Structures are given as structure tokens and as C-alpha cells.
Amino acid sequence: MTIKEMETRSGLTRANIRFYEAEGLLTPQRRPNGYRNYSEEDLAELQRIKLLRTLHLTLEEIKAVQQGQCSLAEALDRNLVRLASDQVQLARSEAVCRGMKGDGARYDTLDAPRYLAQLEQAAQAGTPELAADQLPRVQAPWRRYFARSLDLTLYRVFWCALFLALRFRVSGASLGWSLLLLVLSVTTMFLLEPVFLSRLGTTPGKAIWGLRVADPDGGQLSYADAYQRTGLVLVRGMGLGIPIYQWVQNFKSYDACENGKELAWEADSVLVLKDKKPWRVLLWAAVLAALLGVVAALLLYAQLPDYRGELTVAQFCENYNHLAAENGIDNGYTLTKQGWKAKPQPDNVIVMADLMFDGPPEIAFQEENGSMTGLSFHLEGDMGTMVLREHRDIMSLAIIAFVCAQPEYRTELFNNQVDQLLEEISGQLFPSFDRTLFGVRILGRTQEDGEWITVDFSMEKTET
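For every chain, the first residue of its written sequence is number 1, and the numbers climb from 1 along that sequence. Residue-level local features of this predicted model are given only where pLDDT is at least 70; pairs of side-chain atoms are given and counted only at 80 or more, and the full residue set underlies all totals for whole chains, interfaces and linings. As a convention, hydrogens and water are excluded, and side-chain values are obtained from all of the structure's heavy atoms.

Engineer: Could you give an account of the overall build of the protein chain, naming the residues involved and the relevant values?
Structural biologist: Helix and strand definitions here come from DSSP, where helices need a minimum of 4 consecutive H or I residues and strands a minimum of 2 consecutive E residues; each element is numbered from the N-terminal end. When helices and strands are tallied, the protein chain shows 18 helices and 11 strands. Using a 1.4 Å probe on the protein chains alone, a residue whose accessible area is under 20% of its type maximum counts as buried, one over 50% counts as exposed, and one in between counts as partly exposed. Looking at the protein chain as a whole, 39% of its 464 residues are labelled buried. Of the contacts made within the protein chain by residues no fewer than 6 positions apart, 61% connect residues no fewer than 24 positions apart. Here the open area of atoms and residues is found with the Shrake-Rupley method and a 1.4 Å probe, where only the protein chains shown may cover a residue. Of the roughly 26,100 Å² of accessible surface on the protein chain, a fraction of 57% belongs to carbon and sulfur atoms. The criterion used for residue contact is that any of the two residues' heavy atoms lie within 4.5 Å.

Engineer: So what's going on with the sheet that holds strand E9 (residues 433-437)? Which residues, and what values?
Structural biologist: Whether parallel or antiparallel, the strands of a sheet pair through hydrogen bonds between backbone atoms. Read across the open sheet, the 5 strands follow the order E7-E8-E11-E10-E9; overall the sheet is antiparallel. Two strands lie at the open edges of the sheet, namely strand E7 (363-368) and E9, each paired on one side alone. Recorded for the sheet is a direction-independent mean angle of 10° between the axes of neighbouring strands. Angular values range over 0 to 180 degrees, each being the angle between N-to-C directions of two axes fitted as lines to C-alpha atoms, with helices fitted over their stretch in contact. Helix H15 (residues 313-326) rests against E7 and strand E8 (371-382) of the sheet, and its axis sits at about 135° to E7. The strands touched by helix H18 (residues 417-426) are E9 and strand E10 (440-449); relative to E9, the strand with the most contacts, the crossing angle is about 165°. When DSSP finds two or more bridges between two strands, those strands count as paired.

Engineer: Report on the pairing of E9, specifying residues and quantitative values.
Structural biologist: Bridge analysis of E9 against E10 gives 5 bridges, and the strand direction is antiparallel. Bridge pairing in E10 links threonine 436 to arginine 441. Where E9 folds back onto E10 in an antiparallel hairpin, the turn is made up of 2 residues, including phenylalanine 438, whose phi is positive at roughly 50°.

Engineer: Hey, could you go over unusual backbone geometry for me, with residue numbers and the actual values?
Structural biologist: Backbone phi values are negative for most residues with the exception of glycine, while trans is the configuration of most peptide bonds. One non-glycine residue with positive phi stands out, namely asparagine 369, at about 55°. Within the fold, asparagine 369 resides in the loop between E7 and E8. Residue phenylalanine 438 is not a glycine yet carries a positive backbone phi of 50°. The topology assignment puts phenylalanine 438 in the loop between E9 and E10. According to the relative accessible area criterion, phenylalanine 438 is buried, its value standing at 17%.

Engineer: Residues and numbers for the side chain of glutamate 61, please.
Structural biologist: Counting through the fold element by element, glutamate 61 comes out in helix H4 (residues 59-66). Setting aside residues no more than four positions away along its own chain, glutamate 61 makes contact with Ala75, Arg78 and Arg82.

Engineer: So what about the packing of aromatic side chains? Which residues, and what values?
Structural biologist: We call Phe, Tyr and Trp rings a pair once their centres come within 6.5 Å, taking the six-membered ring for Trp, and we label the pair stacked below 30 degrees between planes, edge-to-face above 60, and tilted otherwise. Counting across every chain of the model gives 18 aromatic pairs. Taken together, a centroid distance of 5.8 Å and an interplanar angle of 65° make the contact between tyrosine 145 and phenylalanine 146 edge-to-face. Summarising the aromatic geometry, the rings of tyrosine 409 and phenylalanine 438 are spaced 5.0 Å apart at their centres and angled 80° between planes, so their arrangement reads as edge-to-face. Linking tyrosine 409 in the loop between helix H17 (388-403) and H18 with phenylalanine 438 in the loop between E9 and E10, this pair joins segments that are 29 residues apart in sequence. In this pair, the class of tyrosine 409 matches that of phenylalanine 438, namely buried. Every member of this aromatic cluster is reached through a ring pair, and the members are Trp142, Tyr145, Phe146, Trp209, Tyr254 and Trp284.

Engineer: An account of the nonpolar core is requested, with residue identities and associated values reported.
Structural biologist: Residues belong to a common nonpolar core when they are buried Ala, Val, Leu, Ile, Met, Phe, Trp, Tyr or Cys residues joined through side-chain atoms within 4.5 Å. Counting 41 residues, the largest nonpolar core has Phe316, Ile399, Ile442, Phe457 and Met459 as its most contacted members. Looking at this core, the elements that each hand over two or more residues are H15, E7, E8, H17, H18, E9, E10 and strand E11 (452-461). When residues of this core are assigned to their parent elements, the largest contribution, 9 residues, is made by H17. Residues contacting isoleucine 442, with those up to four places away along its chain left out, are Ile399, Val403, Leu421, Phe433, Asp434, Arg435, Leu437, Phe457, Ser458 and Met459. Val157, Cys160, Leu184 and Leu271 belong to the second-largest nonpolar core, a separate cluster that totals 24 residues.

Engineer: Please set out a negative patch on the surface residue by residue, giving values where relevant.
Structural biologist: Judged by side-chain charge, Asp382, Glu448, Asp449 and Glu451 come together as a negatively charged surface patch. Within the secondary structure, aspartate 449 sits in strand E10. Residue classification places aspartate 449 among the exposed residues on the basis of a relative accessible area of 60%. Residues form patches when they are more than 30% accessible in relative terms and have no salt bridge. Like charges link within 9 Å. Nonpolar side chains (Val, Leu, Ile, Met, Phe, Trp, Tyr) link within 5 Å. A carboxyl oxygen of Asp or Glu within 4 Å of a side-chain nitrogen of Lys or Arg is what we treat as a salt bridge. The charged-residue count follows a simple rule in which Lys and Arg add positive charge and Asp and Glu add negative charge, with His and chain termini not counted at all. A charged residue contributes its charge at one atom only: NZ of Lys, CZ of Arg, CG of Asp or CD of Glu.

Below, the structure is given as C-alpha cells:
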């Protein structure tokens, strides 16, 4: 029979029955699917336990009788000694008597069923052993929160990696990307968590924290129940990630957990806490740090040019144009292997750069066996017709598109040599430099001679 049938026939709650199983007083068989299968003998055993507990025998005494360590008579003798001084039953009777007297009860009109019900209710409520024989509801609000956060971080990392594999760039500082990743992570949780719960009974985050979700019979949740549970968690527990509303729902869930209340999504499921071993905290911290490290590495990887290694001129130009678009640098031209190509502009749009100088500098590419080995440009003009900032931008983008594409280049969190050079270029009105970075020599000269400005820039692979 099922646990629901056991509840009905024994008169005990599901929590009582689970507690006696955990204490080893009741050991039902398991079906192949993991569900408990209670027998008539299990029911008889449970009724014996109920009787002895109602008579105020301790769990230890009942276990001793079950295991043959003492006889029932010996256990009852000890209990009788305790009952001799126990005034609980007398107090119940006294309370009912006072109630009858206060009601002006008469024998010929005495409502016996009413007072018997009061006495039975008082006896049931006054059996502290049965009230205490329940497995406590798992609270652990912080464990729940950290487990869920870890799952969401895992989904976020997955989407970051997928976008990069598809050659989409993910910017951690972009509000749009952050919102998109949040929506995708929540959606992934909605789709995947029911699968985890119905197949494994847990999720990666819950497993680390020792949490497991089961149905009321202790078996795996069905997919439909797991799906409904996850939906309620997202709405009632996480507020769908909507700012302010999410915080309100988080606080309500925390308060309910702390006060032992049943959460909205746990009406048809049970949360089980395996243990509270300290190593789980360390494991969670290690896994979270690893995931955050992966996210940081992915974001750094996203800053690399699209094409890396041995570049053709066309690939370099694609790197350059993509970087210019991402950084919001637009001088009205795109770079091609044949040189600069003016972007088509609407008739009512004026490109300001064209009013101040005659287009960007002509770039000469160096190639060897189809691979780009370097480039250079020379530009000169008077101070009144040149916009030096534009040419500093061209230098910086060319360095990233070429140097950062070299096999020797590795992204660095701190003290990046390329970043240092770019800061030097952007911080000087007339930048001059001579550096060799990651197998590429980079030369820049900007000279002023009165009102006349000369700009020379080149990059060339060094011999390895």
C-alpha cells in the first residue's frame, strides 16, 4: 500500500511515518521504481508504535522491545513508574469537568458526545510524543539560495560560451547583453531543472549543498510535478528576475523558510537535506570561483580579434572593421584589401571628418605567401586640416587587429603590454613609439614642424 493509505488506516501523519522510518522502527520494502510498498505487517507495526508512544513509552524503549533487548512487560513496568506521578490525564479530566460545570450540564440532558470529543481532542493534542515524532521541515534558506545561484551561473556560462562559439561578442559591461543572458539563463533553468529533478532528484547546485527533492512518497518527482515546481520557484521565489519584485519575493521566501512555513512550490514535494558537512561550503566556493574564472576568461577571449594566427589581408581588414564598429569608431570608411572604401551615407548626413582632411591615410600591406606580414602608412598636412585623433584611432585598431591576432599573444588580466601601448598612443597629441610585442615590431612617429604635421606608422613581423 502507499503512504497515503497508511495515513488513512493508521491515523498517523505522513511526517510521523517518515520519522519512524528514519529512526529505524519501520522498514518498508521498495518497488523497482524506488517507491515504498507498505505491507499489512508494516501497518500492524505502525499501530503498535502508535499505541506505545501514546502510552508515553520512549523511542529507545520501543526499539529495545522490537530488537528483543527487553520484554514488553519490563518496558511497561518502567512506564508505569513514570505514569504514577504523571498528572497529565488528570489535568485533562479536570479541564473537561470544569467545562461541564461551567456549562450547567445536567445528567438527563448531558451531551456526552460533545464532551467525549473534547476529551479525545485534548488527549490527542496532549500527546507530546506523537507531536514530536516528525522529521523537521528543511529550512536552510541560504543553502537553497546559493544552490540556485550556482545553477544560474552555470547556465550563464553555457550561453556565454555558445555565443562565442557562434562568433557573437559578449560584453560584460553591456546592459543589453546582461539582460539577454539573464533571460536565457532563467529560461534554461525552466527547461532543464524539471529534467534534473525528475531524473536525478537534484540539480548541480543542490547536489553540492546536499539537497535533494523528492515526491511525498520519497521517490523521484514526475516531470509534470517537477515542471510545476520549477515554474512556481521562478515566479514566487525568484520573481522572474525582475528588479525590486525579485527582492520582495526573495525576502518572502527567506521569511517563510526561517519560520518553518511550507513554500508555495513544495506542496507536492519534499526537500531533503543530506548533511551539513563543512566541505560542502568549500566545494561550492571552489566551483563558483571556477565558473567566475571561466566567465572572466570568456569575456577576455571575446576581446580578441575574430581571426587569429596567420592572417590574410582580407582577414585583417575584417578584424579592423569589426573592432571599429564595436568601439564606436566611424570615420566614414571601411578598410578593404584594396584600401579604404567610403561607406554609403544618406543624402542628409555629412561626415565631419571629410570636411577636415582628405580621407584616411592610404595603407600599404606587406604579404608573404598569402599571409600578411605587416602594414604601413604615411600622412602629412598642416595643423588646420588634420584631425590627429582619427589617426591615433586607426593606429590603435590596427595594433589590436594584427598584434592581438598573433599566436604568441595571450590575454592578460593585468599589465597587458598592448593595453599599455594603446594608453600611450591615446594619451599623447603627437605619439612616438618603437615596441616589439608578440613577434611584431610597431613603429610610430608623429612630428610637428611649425604648422606642418607628419605621421608615420608601421607594423612588421620580426624574424623568429
